Amino acid sequence: MDKFVVKGGVPLHGEIATGGAKNSALPALAATLLTDEPVLLQRIPRVRDVRTMQRLLVDIGASADVDGESVRIQVREVRSPEAPYELVKTMRASSLVLGPLVARAGRARVSLPGGCAIGARPINLHLVGLEQLGAQIQQAHGYVEAVAPQGLRGTTIRFERITVTGTEDLMMAAVLARGTTILENAAREPEVTDLTALLVKMGAKIEGAGTSTVRIEGVARLHGAEHAIIPDRIEAGTFLVAGAITGGDLTVTGCLPEHNAALITKLQAAGAEITEVDGSTLRVRAARGLRSADVTTAEYPGFPTDLQAQYIALMTQAEGIAIITETIFENRFMHAQELARMGANIRLEGNQAIVAGRKELTGAGVIASDLRASASLVLAALVARGETVIDRVYHIDRGYEKIEGKLAAVGAQIRRI
Ligand code: EPZ
């Protein structure tokens, strides 16, 4: 099992490139199920979750040609509309094939995802929506079976709470339904908007992407398309925090600054200098000390829950008390106790973490528990005095491509063993 060894105390300087968004690549790959023609996707990050999704599509019946960051997928026919437990248990986003399979093949058998470190992660809202579109749903032996022998029928679906992959799953089910579907209280994340851009290129009729109300007019079939997915705002955000926490001067390239507006506002409130160099480049400098600034996570365009752990690491180095409130997931402070082992002063109270800075961190042996928690441990290690060994870094490989190489190139003393 790979580990990272990090020697802290080096301010990061230089340029660091942002890759394609994992959470855009996953629904985009699932969308290839909706046509029998080839779909060419560009800027696909070479991360573990993407490889898992590609393997799942091939098991279903796709041919996949990978050339660097370009992936060409063609699902001439659906051989097996299934997502087996052994794959789904490693990546719950496999539930994204549910909607497209029912839309394309009239049936799907997908393993229930099971929980993960950050919470129960149910998919009940996906299933309720599919039923409203006319699918019959059964759950048995840990699997969901959905059938729609007469195809799906458009309707109005109101999400009782905002769900990113729920919105994406049902959008993909609705594009081939008979009639019009309205999604109300839909997710507004940039990755939802990016999926819509791909679906429209494939011939779908969708309005309102990026707003809470999305209108989808079903069509008979979709055709192939070519699409470059958006940059990864969470990877870019993680790098901005890396520049701030090490007191360096880091230029993050290949990103979309407007997708990080909430984080940028908070980093500036904490005393970091963030400048937009151009439409795809951000520069972060934090020469002097940082001060605490409270954060409450929220659905886009609010502060992303996927940057909460990274921000907590930063607040251990800020003067004052920062209150971080997590409103999306019920158990997303696993990183707190690991950071405490490095000397951080963090008190957990329900869905709040109270971080008292500024506390010098010292290197220690720590264990990653989930994707973004492991990023938080890397950030803390970059500023800790001495050496930190981070175990179970396979978590970080799920969503960050070669993070140790990218950080080492801007001065970090980090290596994989
Ligand atoms: C997506 O997960 C992302 N994953 C997550 O990123 C991200 O943290 C999350 O959205 C929130 O922004 C992908 O896009 C692949 P939700 P998703 O459905 O869609 C509850 C990462 O680090 N809920 O928006 O699974 C759910 O339990 C990952 O890259 C239901 O109750 O999240 C949660 O509390 C981690 N029933 C809340 O809604 C449902 O049917 C938001 O979940 C669905 C969700």
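Figured I'd write up the structure that's included with this text. Just so you know, the residues in each chain are numbered from 1, in the order the chain's sequence is written. For a predicted model such as this one, the threshold for reporting local features is a pLDDT of at least 70, and the threshold for listing and counting side-chain atom pairs is 80 or more; totals across whole chains, interfaces and linings nevertheless cover every residue. For the side-chain quantities, the full set of heavy atoms in the structure was used; hydrogens and water were omitted.

## Some words on the site of the ligand
Close to the ligand lie 22 residues, the nearest being Asn124, Thr163, Thr165, Asp306 and Ile328. Any N or O atom pair separated by 3.5 Å or less is treated as a polar contact, with the protein-specific requirement of one donor-capable and one acceptor-capable atom, and with residues adjacent in sequence counted only for side-chain atom pairs. A distance of 2.9 Å is found between an oxygen atom of the ligand and a side-chain nitrogen or oxygen belonging to Lys22. Measuring from an oxygen atom of the ligand, one finds a side-chain N or O atom of Arg161 at 3.2 Å. Under the convention used here, a 1.4 Å probe and the Shrake-Rupley method define accessible areas, while residue burial counts only the protein chains that appear. Its free accessible area being 830 Å², the ligand has 90% of it covered by the protein chains. Secondary-structure elements contributing two or more residues to the shell around the ligand are helix 1 (22-31), helix 5 (124-132), helix 6 (164-174) and helix 12 (371-383). Here the shell around the ligand gets three residues from one element, more than from any other, and that element is helix 5. Gly falls in the polar group here, along with every residue not listed as nonpolar (Ala, Val, Leu, Ile, Met, Phe, Trp, Tyr, Cys, Pro) or charged (Asp, Glu, Lys, Arg). Residue composition of the shell around the ligand, by class: nine nonpolar, six polar and seven charged. Note on definitions. A residue lies near a molecule or strand when any single heavy atom of the residue is within 4 Å of it. Elements are defined by DSSP. Helices are runs of H or I of four residues or more, strands are runs of E of two residues or more, and each kind is numbered from the N terminus.

## Observations regarding the packing of helix 5 against helix 6
Interaxial distance between helix 5 and helix 6 falls to 9 Å at its minimum, and their mutual angle equals 25 degrees. Classified by the interaxial angle, the pair formed by helix 5 and helix 6 is roughly parallel. For the element pair helix 5 and helix 6, the recorded crossing hand is right-handed. Contacts between helix 5 and helix 6 involve Leu125, His126, Gly129 and Leu130 from the first element and Thr165, Gly166, Asp169, Leu170 and Ala173 from the second. Taken together, the residues that form the contact of helix 5 with helix 6 break down as four nonpolar, four polar and one charged. Axes here mean lines fitted to C-alpha atoms, for a helix over just the part in contact, with angles spanning 0 to 180 degrees between N-to-C directions. Small angles under 35 degrees read as roughly parallel and large ones over 145 as roughly antiparallel, with 65 to 115 read as roughly perpendicular and the rest as oblique. Working rule for handedness: look at the near helix, and if it is turned counterclockwise from the far one by less than a right angle, call the crossing left-handed; if clockwise, right-handed. We call two residues in contact when some of their heavy atoms are within 4.5 Å.

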